[in-house]
Amino acid sequence: MKILVMDEVKSRKTQIAEALEKSKHKVTQCSGSNEFITALEEQSLHCVCLDYETWHHGRSIYTYFKIAKKMERVPVIFYNAPVHFSALVNRSKHEKDQILPKPTDPKAIVDAIVLCM
C-alpha cells in the first residue's frame, strides 16, 4: 500500500513512516506544500496522512490548485486536528476518512492508517 505522510515535525513523521514501513507499506514523506503537491500528482496513493498544522500552513495554495478535489478517491487522515475541524472544503467525504484530535499519539496515527486498508 502506498501512503503519503505530510508533517513538518521530522521526528514524528519519521516515527510514523518507520512503523508503516515495518508493515511492508511504501511511504512517501513530505514536510511542506511543494513536496506534497508533487507527490500527490506523481503517485497513485492508497492513503494520505496529514498533520493538521502542516496542512493548515499551505491551505491557500491547496485551495488555488484544487488539491482537495484531487484527493476525493483517497482516504485522508488528519491528525492533531482542532475540535471544530470536520472536513475538507470542496471535497466529497470518503467513507474511510478520519480526523484524530490534538494531541495525537503516533501509534494512534498508525492504527488509523491500518483501518484505511
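These figures come from a predicted structure and were not determined experimentally.

Let us now look at unusual backbone geometry. Geometrically, the link from K102 to P103 is a cis peptide bond, its omega value of -5 degrees lying close to zero. Within the element layout of this structure, P103 appears in the loop between strand 5 (98–101) and helix 6 (106–116). Non-glycine residue K66 carries a positive phi angle of around 55 degrees. Assignment of secondary structure puts K66 in the loop between helix 4 (59–64) and helix 5 (67–70). Judged by relative accessible area, which is 59%, K66 ranks as exposed. In this structure, N80 takes a positive phi of about 60 degrees despite not being glycine. Tracing the backbone through its elements, the reader meets N80 in strand 4 (residues 76–81).

The strand order across the open sheet formed by 5 strands is 2-1-3-4-5, and the pairing between neighbours is parallel. Each end of this open sheet is capped by a strand with a single partner; those strands are strand 2 (26–30) and strand 5. The sheet shows a mean angle of 15 degrees between the axes of neighbouring strands, taken without regard to direction. By the bridge criterion, 4 bridges tie strand 1 (residues 2–6) to strand 3 (residues 47–51) in an arrangement that is parallel. Opposite V5, over in strand 3, you have C49 as the bridge partner. Relative to the sheet, helix 1 (residues 10–22) contacts strand 1, strand 2, strand 3 and strand 4, its axis offset from that of strand 2 by approximately 170 degrees.

So, about the pairing of strand 2. Pairing between strand 1 and strand 2: 5 bridges, direction parallel. Across the sheet, the residue bridging to I3 is V27, located in strand 2. In this fold, the crossover linking strand 1 to strand 2 by way of helix 1 has right-handed handedness.

The next point concerns the nonpolar core. Judged by nonpolar contacts, the single largest core of 22 residues is most densely connected at F36, V48, L50, W55, I67, M71 and F78. At the level of secondary structure, the elements contributing two or more residues to this core comprise strand 1, helix 2 (33–42), strand 3, helix 3 (52–57), helix 5 and strand 4. Here this core takes 4 residues from helix 2, the largest share from any one element. In this structure, F78 is in contact with L50, Y52, W55, F85, L88, Q98, I99 and L100, ignoring residues within four places of it in sequence.

With respect to the helices and strands, I99 occurs in strand 5. The class for I99 is partly exposed, based on a relative accessible area of 33%. With 18 residues separating them in the primary sequence, I99 and M117 have C-alpha atoms 16 Å apart.

One pass over the full model with this rule turns up 7 aromatic pairs. Aromatic side chains Y52 and F85 sit 5.0 Å apart centroid to centroid with 65 degrees between the ring planes, which places their arrangement in the edge-to-face category. Within this pair, whereas Y52 is found in helix 3, its partner F85 is found in the loop between strand 4 and strand 5, the two being separated by 33 residues in sequence. Across this residue pair, the class does not change: Y52 and F85 are buried. Arranged with centres 4.8 Å apart and planes meeting at 70 degrees, the rings of F78 and F85 form a pair that is edge-to-face. Here F78 falls in the buried class, since its relative accessible area comes to 3%. Through a chain of ring-to-ring contacts, three or more aromatic side chains come together here, namely F36, Y52, W55, Y62, F78 and F85.

The rules behind these values
- Residues numbered from 1 in each chain as written.
- Predicted model: local features only at pLDDT ≥ 70, side-chain atom pairs only at ≥ 80, totals over all residues.
- Heavy atoms only, no water.
- Helix = DSSP H or I, 4+ residues; strand = E, 2+ residues; numbered from the N terminus.
- Buried < 20%, exposed > 50% of the residue type's maximum accessible area, 1.4 Å probe, protein only.
- Pairing = 2+ DSSP bridges.
- Axes fitted to C-alpha atoms, helices over the stretch in contact; angles between N-to-C directions.
- Contact = heavy atoms within 4.5 Å.
- Right-handed = clockwise from strand over helix to strand, strands pointing away.
- Core = buried A, V, L, I, M, F, W, Y, C linked by side-chain atoms within 4.5 Å.
- Phe/Tyr/Trp six-rings, centres within 6.5 Å; stacked < 30°, edge-to-face > 60°.

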